[in-house]
Amino acid sequence: MEQGRFITLEGGEGTGKSTLARGLAEALRVKGREVALTREPGGAPGADAIRALLVSGDANRWSAMEEALLFAAARLNHLNHTIRPALARGAWVICDRYYDSTRAYQVAAGGLALSDLLALNALIGAPPPDLTIVLDLDPTLGLARSRGHEIEEDRFEKKDIAFHQKVRDEFRAIARNEPQRCALIDASEGAPDVLRLALARVEALS
Ligand code: TMP
């Protein structure tokens, strides 16, 4: 059985990742592929329990290091219970956020040392994605889109605009520095255009 493909979607708040994830999953299923649509933090029962700790409550509830450790625990649980089994049976995994989110939120915006994140990634054996789609949008627009949607899950949305600007800048830098792995897409385009551009990169993985 051929190993599947590991595709991650990244970007700030309100950039349209979940709409894109559903569109990509649908397009791949039409082509007859098995798709595992999943997200972080979460994607497995243990990781979902950790998600509740991370995305709710006071904005300053956790330090960047504390968050990174919780995200890493959730990620390992997700890899073991969902991602690795799906890839092994040949499924194409579409994962809404992965370790680039830790780099943008906890390292660039939160002040965690990059070497600490790299050490955590090595510790949990986090595999690199085959493709990462980065959705780019002015955070003022993104936050206006996302605020009020999931009231119980707004812990990061409550952080100030300077935090979200650093997140955006880091995602752009990641995409610029790793053009082989990453596709940077302007999320101010309509959802159909974003899907078309993303699909072109996904189909190149076949
Ligand atoms: P979501 O709103 O896309 O479901 O993601 C939940 C929040 O978690 C979002 O505000 C970004 C944040 N996050 C991090 O700060 N670091 C990470 O590693 C991940 C996966 C998410």
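Residues numbered from 1 in each chain as written. Predicted model: local features only at pLDDT ≥ 70, side-chain atom pairs only at ≥ 80, totals over all residues. Heavy atoms only, no water.

Novice: Even after reading the chapter, I still don't get helix α2 (residues 45-55), so can you show me in this structure?
Specialist: Residue pairs spaced three or four apart in an α-helix point in one direction, given the helix's 3.6 residues per turn. Inspection of α2 places A47, I50, R51, L54 and V55 among the buried residues, and these make up the whole buried set. Take α2 and look down its axis: the buried residues cluster within an arc of 120 degrees, on one side only. Facing away from the buried side of α2, by more than 90 degrees, are the exposed residues P45 and A49. Packed against the buried residues of α2 are β2 (35-39) and α3 (64-88). In the segment just after α2, G57 is the residue with positive phi, at about 95 degrees. (Buried < 20%, exposed > 50% of the residue type's maximum accessible area, 1.4 Å probe, protein only. Helix = DSSP H or I, 4+ residues; strand = E, 2+ residues; numbered from the N terminus. Arc of directions from axis to C-beta. Contact = heavy atoms within 4.5 Å.)

Novice: Is there a simple way to think about the nonpolar core in this case?
Specialist: Note that soluble globular proteins tend to have their nonpolar side chains buried in a common cluster. L9, L20, L24, I94 and I133 are the most contacted members of the largest nonpolar core, which has 23 residues in total. Of all the elements in the fold, those that place two or more residues in this core are β1 (6-11), α1 (17-30), β3 (92-96), β4 (131-136), β5 (182-186) and α8 (191-203). Every residue in contact with I133, bar those within four places of it in the chain, is listed here: T8, L9, E10, L20, A183, I185 and A198. In terms of nonpolar packing, the next biggest core, distinct from the first, is built from 19 residues, I50, L70, F71 and F156 among them. (Core = buried A, V, L, I, M, F, W, Y, C linked by side-chain atoms within 4.5 Å.)

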